[in-house]
Amino acid sequence: MNPLGLRRPTGDTADMSTDLSESGASEHRASGSGACREPRGPLCTRASLVAALRTLGLRPGDTALVHTSLSALGWVCGGAPTVVRALLDVLGDTGTLVVPAHSGDNSDPAEWSAPPVPESWWQPIRDAMPGYDPHTTPTYGVGIVPETVRTWPGAVRSAHPQTSFAALGARARTVVDGHALDCRLGERSPLARLEEAGARILLLGAGYASCTAFHLAEYRVPAPRTEVSFAVATPLGRRWTTVRDTSVSADRFDELGAAFEAVRPVARGRVGAADARLFPLRDAVAFARDWLAEHRARG
């Protein structure tokens, strides 16, 4: 999903899974015509979200990779910050909250669509694209909850210009450190660190098509290699850089998720109006490795 509606990369960059977060707080505002719409419920508060997340099985001390759709929850009093506070309340001081903080617009303009840009602009854009800064580069295409986590006091963020992750809590630094430029979502990315930490995945109104951890499995099966370009910040200034990396694609992740859920334990419930799922990241990656090798060979 591209909630900004500006430009979306095509090809390999566009095939990475993204969150489905939206700004549900806008539901109660007046429309452009001046008319008001009825708010779409249920009403969600910090306390009600905490209770629902605990009922689902999220626990203090968990390390959770969270994918969210804010609008799917209903009418959230306080919007995205309320969701973040509720998650932190449940995880507690010993837990860790992790979200995708991707910035896929830092990519080769030759691959953009929706809309594309003229070919005559490609090189000027490559020359002028700001270098990635984990402190100031905004997220792109992943919604308001990840952007809220990125800017939360104490948040840390990994170093990849396109596929960074942001984290809060006890293991945050361990999760985000060491994200290599030529490893978007593989062994030298936060996904592998989350696997080592015994993390769980929380899909909060988002479907399996948004399950970023499935990409880790793509690095463990035969897959084509591709060139990935972006602007980086260096001590000598910004630089346009191209690296070789494993090609990734979210194609058929919804089918993969359905197959996983049919045979592996997945806690399911409702948080507000949203369908929610909670399951171990390690189990999901192991299942995805075998499923992709059998059903979606790309080598």
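That block above? That's the structure.
On a predicted model such as this, the values are computed, not experimentally measured, just so you know.

Definitions and cut-offs
Residues numbered from 1 in each chain as written. Predicted model: local features only at pLDDT ≥ 70, side-chain atom pairs only at ≥ 80, totals over all residues. Heavy atoms only, no water. Helix = DSSP H or I, 4+ residues; strand = E, 2+ residues; numbered from the N terminus. Buried < 20%, exposed > 50% of the residue type's maximum accessible area, 1.4 Å probe, protein only. Contact = heavy atoms within 4.5 Å. Areas by Shrake-Rupley, 256 points an atom, 1.4 Å probe, with all protein chains shown as cover. Core = buried A, V, L, I, M, F, W, Y, C linked by side-chain atoms within 4.5 Å. Pairing = 2+ DSSP bridges.

**Here's the deal with the overall build of the protein chain**
For the protein chain, the helix and strand inventory stands at 11 helices and 13 strands. Counting the 299 residues in the protein chain, one finds 52% classified as buried. Residue pairs at least 24 apart in sequence account for 74% of intrachain contacts in the protein chain once pairs closer than 6 positions are excluded. Summing over all exposed atoms, the protein chain offers an accessible surface of approximately 12500 Å²; the carbon and sulfur share of this is 53%.

**Some remarks on the nonpolar core**
L191, L194, I201, F214, L256 and F279 are the most contacted members of the largest nonpolar core, which totals 38 residues. Looking at this core element by element, the count peaks at seven residues for helix α11 (residues 281–295). The residues touching F214, leaving out its near neighbours within four places in the chain, are Y208, F253, L256, G257, A284, A288 and L292. By size, the runner-up hydrophobic cluster in this structure holds 33 residues, among which are A86, L91, A166 and L204.

**Concerning the pairing of strand β12 (residues 267–271)**
As paired strands, β12 and strand β13 (residues 274–280) are joined by five bridges and run antiparallel to one another. Within β13, the position partnered with R270 by the bridge is D275.

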